[in-house]
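# Analysis of the macromolecular model
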Amino acid sequence: MQFHVRYRNTQGTLMRILNAASKRGLDIPAVHAEPAERDHQVTLALDVNQKQVGQLYREWYSIADVIHVGSGAAHTQTWTGHHPPAGVAIEEARSAARA
Amino acid sequence: MLKGADIVLQCLRAEGVDLVFGYPGGAIMPLYDALDGSGVRHVLTRHEQGAVFAAEGYARVTGKVGVAMATSGPGATNLVTGIADAKMDSVPLVCITGQVRSALIGTDAFQETDVFGVTLSLTKWSRLVRTIDEIPEVIAEGFYWARSGRPGPVVIDIPTDMLKAKKEFSGPVKFTPHARPADAKADGGFTDTIVAMLQQSSKPVALVGAGAKLSEAIPDLRRLLDHLNIPTFATVHGLGAVEPEAPYYLGMVGMHGTRAANTALHETDLLLVLGARLDDRVTGDPTRFAPHAKIVHFEIDPAQLDRVRPCDLPVIGNLADTIPAFQAELRQHTLPDFSGWRAVACGPERAELDPRGLAQPTIRFLDELFSRLPENSVIIADVGQHQMWAAQRYRSSSPRGFITSGGLGSMGFALPAAVGVQLAKPDTCVLCVSGDGGFQMNIQELATVHRLGLPVKMVIIDNKYLGMVRQWQQLFYERNYAETDLSDNPDFVEIAKAYKIHSFRMKEDAMREFPVSQETGDQIDRFLSSPQAELLVFDCAPEANVFPMVPAGAALSEMLLEEEPTQ
């Protein structure tokens, strides 16, 4: 699965993004980081399960200079599940909780 | 023109810092040279780990940012355990480390360590300062991240030439974070959902963690719990957040939690988690944790959600905001009658088997000790059996009155942390409870206690074993007590005397009477009321165990309540 993490290129931010994966014992077969407009973006390929997707999203968002986290096709499906990150519309959480 | 070291200290003052803990060395000497007259008091510990734990103790009891300083290389690496400890327990901490001069970085210079790299995964934020111009911004930003959201540790590594260099200084700066869509908070719409979940529930419970203390939301929390009036329990860091006399309060939950708390948690159909991250010591086997329950998780840090067990409704935000919003909604509704469930969960059938600890002299001792403490005393527990006994017997309603290394479980934490607590609360009775193993891990801080004339009351529960490991060896490794025997311990009373600290020993037999004799009671009272530091060494039975206990990997419902008789 591909993830795209947008971040300000401050000291250590890219390492923290990678560490969120490596500390879970995940292999990182491909990484590509580059400037993206005024910020930077890193694209990671990771073999993850559904639970890890949510954990990674939330952990990346907890890094000070991460701006946005996105992913490939599976992303939309993951995000409308019932474990949203901060900022998710409350209606989604509410309907999930009532499910 | 000011030196970088002077700028650092002025920026610390601007962040409200007037006390730091540390240990000098080569690369950080310019900062020490500038301390005099800076308005920042420095407390010299006898090891950098002592400094960082003392800073943690200060931060945990005050809610302010604790600051530790160390030199490069070994000085910085000696801080690492404390940094990891602060990360696990959400302690606001800023560590300032000296670094070799800029031109030598990356050359494996004398006392060079990549402390930025070493601590990257342990810190919330960190910087290696590259120019003197950065110093004000770096310090302002570091303090912002240390205290914002879920508090945590920050490392600021400053090469020695940056501390010596001079520049025009126009004053400290303020840091304003960039706004991100992900930082949006719960909008309040969650409240009617929780009410609806409560109305569908027949066995709701509340689990309280450290979040309520960190958010300064204790009054709101207590009003909410009184309103809900459902069985409630706390994590080890949540102790003191709930009034212990509240009729719905069941004590501590988890591996060494009470029978009532763990049983209610296993049976509940709706779990309200209030500022706890649900680590494995709380949940036991996550696949069998609260197996019948929907979970509502109030949490300030989204990264803590779903780590061990998925929740059904996350409520992201500061408890000081989310609890009042929830309670405002609650007032507009009538909840079902939970009295039947409460009567079962809080009933006598689930009470402690030995509430007075009559079968366990160490528990009796802690009860005697705690019951004689002045109001608002602070207990600092180290790590091991004594920690769990102390947590089980803690009965105070003082939210920051019980301090321990919970997440990382760092032996050696208590004594230096007590130094930080006593400095923060000079008029408060500070009781440090350690085991014989942990006490020796930072025993050198007796010198700090003596030097500063701190009236810390220290207790060693001396069972001449690494007791908690030995207990596991007894229960799960067929009594193979591999390398846990400490029967050749030094004489702690004599050691304390060498540090000019009054010390005495109490035998376990003193606790066989109930109530204790007048003489024993007076001895404890004199110990607690002494204006000076005191060390009490309590002889504990070598094979005393902590119960209840949930074996690692078992469900909370599978707790062992007492020792099985040996054949």
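Residues numbered from 1 in each chain as written. Chains lettered and ligands numbered in written order. Predicted model: local features only at pLDDT ≥ 70, side-chain atom pairs only at ≥ 80, totals over all residues.

In terms of helices and strands, chain B carries 23 helices and 20 strands. At 24 Å, chain B has a C-alpha radius of gyration in line with the 24 Å of a compact globule built from 567 residues. Projected onto its principal axes, the C-alpha coordinates of chain B cover approximately 70 × 60 × 40 Å. Taken over 567 residues, chain B has a buried fraction of 55%. For chain B, long-range pairs separated by at least 24 residues make up 76% of all intrachain contacts whose partners lie at least 6 apart in sequence. (Helix = DSSP H or I, 4+ residues; strand = E, 2+ residues; numbered from the N terminus. Rg over C-alpha atoms; globule rule 2.2 N^0.38 Å. Buried ≥ 20, exposed ≤ 12 C-beta atoms within 10 Å, placed from the backbone. Contact = placed C-beta atoms within 7 Å.)

A few words now on the sheet that holds strand E7 (residues 153–159) of chain B. All names here are of chain B. Spatially, 6 strands are ordered E3-E2-E4-E5-E7-E6 in an open sheet, and the strand pairing comes out parallel. The two strands at the open ends of the sheet, each matched to only one other strand, are strand E3 (41–44) and strand E6 (125–128). Pairs of neighbouring strands in the sheet enclose a mean axial angle of 20 degrees, with direction left out of account. One ladder, built from 4 bridges, connects strand E2 (residues 19–22) with E3; its direction is parallel. (Pairing = 2+ DSSP bridges. Axes fitted to C-alpha atoms, helices over the stretch in contact; angles between N-to-C directions.)

Turning next to the domain arrangement of chain B. A common way to express how large an interface is: the accessible area buried when the components associate. Residue and element names in this part refer to chain B. Annotation of chain B at the domain level lists domain 1 (2–168), domain 2 (187–350) and domain 3 (361–547). The distance between the C-alpha centroids of domain 1 and domain 3 comes to 30 Å. Contact with domain 1, which involves 23 residues of that partner, is made by 26 residues of domain 3. Mapped by element, the contributors of at least two residues to the side of domain 1 that touches domain 3 are E2, helix H3 (48–62) and helix H5 (80–88). In terms of residue count, H3 provides more of the side of domain 1 that touches domain 3 than any other element does, 11 residues in total. Classifying every residue of the side of domain 1 that touches domain 3 gives 10 nonpolar, 8 polar and 5 charged. (Domains from an automatic or database assignment. Nonpolar A, V, L, I, M, F, W, Y, C, P; charged D, E, K, R; others polar.)

A few words now on unusual backbone geometry. All names here are of chain B. Cis peptide bonds are those with omega within 30 degrees of zero, and the linkage from phenylalanine 514 to proline 515 qualifies with -5 degrees. Its place among the elements puts proline 515 in the loop between strand E19 (502–506) and helix H23 (518–529). In this structure, the amide linkage connecting phenylalanine 547 to the following residue, proline 548, adopts the cis form with an omega of -5 degrees. Positionally, proline 548 belongs in the segment after strand E20 (534–539). Phi is positive for serine 90, which is not a glycine, with a value near 60 degrees. Among the structural elements, serine 90 can be located in the loop between H5 and strand E5 (93–99). The buried category is assigned to serine 90, around which 25 C-beta atoms lie within 10 Å.

All names here are of chain B. Burial analysis of strand E18 (residues 457–462) places 6 of its 6 residues in the buried class, the great majority of the element. Residues Lys457, Val459 and Ile461 of E18 are buried on one face, and the alternating residues Met458, Ile460 and Asp462, pointing to the opposite face, are buried as well. Sheet topology note: the strand E17 (residues 430–435)/E18 ladder contains 5 bridges and is parallel. Paired with glycine 435 across the strands is isoleucine 461, a residue of E18. Bridge count for E18 against E20 is 6 bridges, and the pairing is parallel. Considered in E20, the bridge of isoleucine 461 is made with phenylalanine 538.

Residue and element names in this part refer to chain A. What the 4 strands build is an open sheet, ordered E2-E3-E1-E4; its pairing is antiparallel. Edge positions in the sheet fall to strand E2 (30–36) and strand E4 (66–71), since each of these pairs with one other strand and no more. Here the average twist between neighbouring strands, direction ignored, is 15 degrees. Note that E2 and strand E3 (residues 39–45) share 7 bridges and pair antiparallel.

Once that is clear, we can look at the packing of helix H9 (residues 190–200) of chain B against helix H14 (residues 319–330) of chain B. Residues and elements named next belong to chain B. Running from N to C, H9 and H14 point in directions that differ by 55 degrees, and their axes come no closer than 9 Å. With respect to their mutual orientation, H9 and H14 come out oblique. In this structure, H9 crosses over H14, and the sense of that crossing is right-handed. Across the interface between the two elements, Thr191, Asp192, Ile194 and Val195 from H9 touch Ala325, Phe326, Glu329 and Leu330 from H14. Partitioned by chemical class, the residues of the contact of H9 with H14 number 5 nonpolar, 1 polar and 2 charged. (Parallel < 35°, antiparallel > 145°, perpendicular 65-115°, else oblique. Left-handed = near helix turned anticlockwise from the far one by under 90°.)

A few words now on the nonpolar core. Formed by 192 residues in total, the largest nonpolar core has its most connected members in Ala68, Leu93, Leu207, Leu221, Leu274, Ile380 and Cys432 of chain B. Excluding residues that lie within four positions of it along the chain, isoleucine 380 of chain B makes contacts with Gly57, Ile403, Thr404, Ala414, Ala417, Ala418, Val421, Val430 and Cys432 of chain B. (Core = buried A, V, L, I, M, F, W, Y, C linked by C-beta atoms within 7 Å.)

Residues of helix H12 (residues 259–267) of chain B that are buried: Ala260, Ala261, Asn262, Thr263, Ala264 and Leu265 of chain B. In the core, the buried residues of H12 of chain B are packed alongside strand E9 (204–208), strand E10 (232–234), strand E11 (249–252) and helix H15 (339–345) of chain B.

The next subject is the environment of arginine 147 of chain B. Residues and elements named next belong to chain B. With respect to the helices and strands, the residue arginine 147 is situated in helix H7 (residues 135–147). You can call arginine 147 buried: it has 20 C-beta atoms within 10 Å. Considering only alpha carbons, one finds arginine 147 and glycine 384, 237 residues apart in sequence, at a separation of 29 Å.

Quick look at the confidence of the model for chain B now. Residue-level pLDDT values for chain B average 95, and 98% of them are 70 or greater. Quick note on the complex model: pTM equals 0.94, ipTM equals 0.91. (pLDDT = per-residue confidence, 0-100.)

The next thing to look at is the packing of helix H16 (residues 361–371) of chain B against helix H17 (residues 385–393) of chain B. Residue and element names in this part refer to chain B. Direction vectors running N to C along H16 and H17 enclose 55 degrees, while the axes themselves pass 10 Å from each other. Our classification of the angle between H16 and H17 gives oblique. As for how H16 packs across H17, the hand of that crossing is right-handed. In this structure, H16 uses Thr362, Ile363, Leu366, Asp367 and Phe370 to contact H17, whose residues at the interface are Trp389, Ala390 and Arg393. Of the residues belonging to the contact of H16 with H17, the class tally is 5 nonpolar, 1 polar and 2 charged.

Averaged over every residue, the pLDDT of chain A is 80; residues scoring 70 or more account for 73%. Per-residue pLDDT stays below 50 along residues 73–90 of chain A; that stretch engages in 39 contacts with residues further than four places along the chain or on separate chains.

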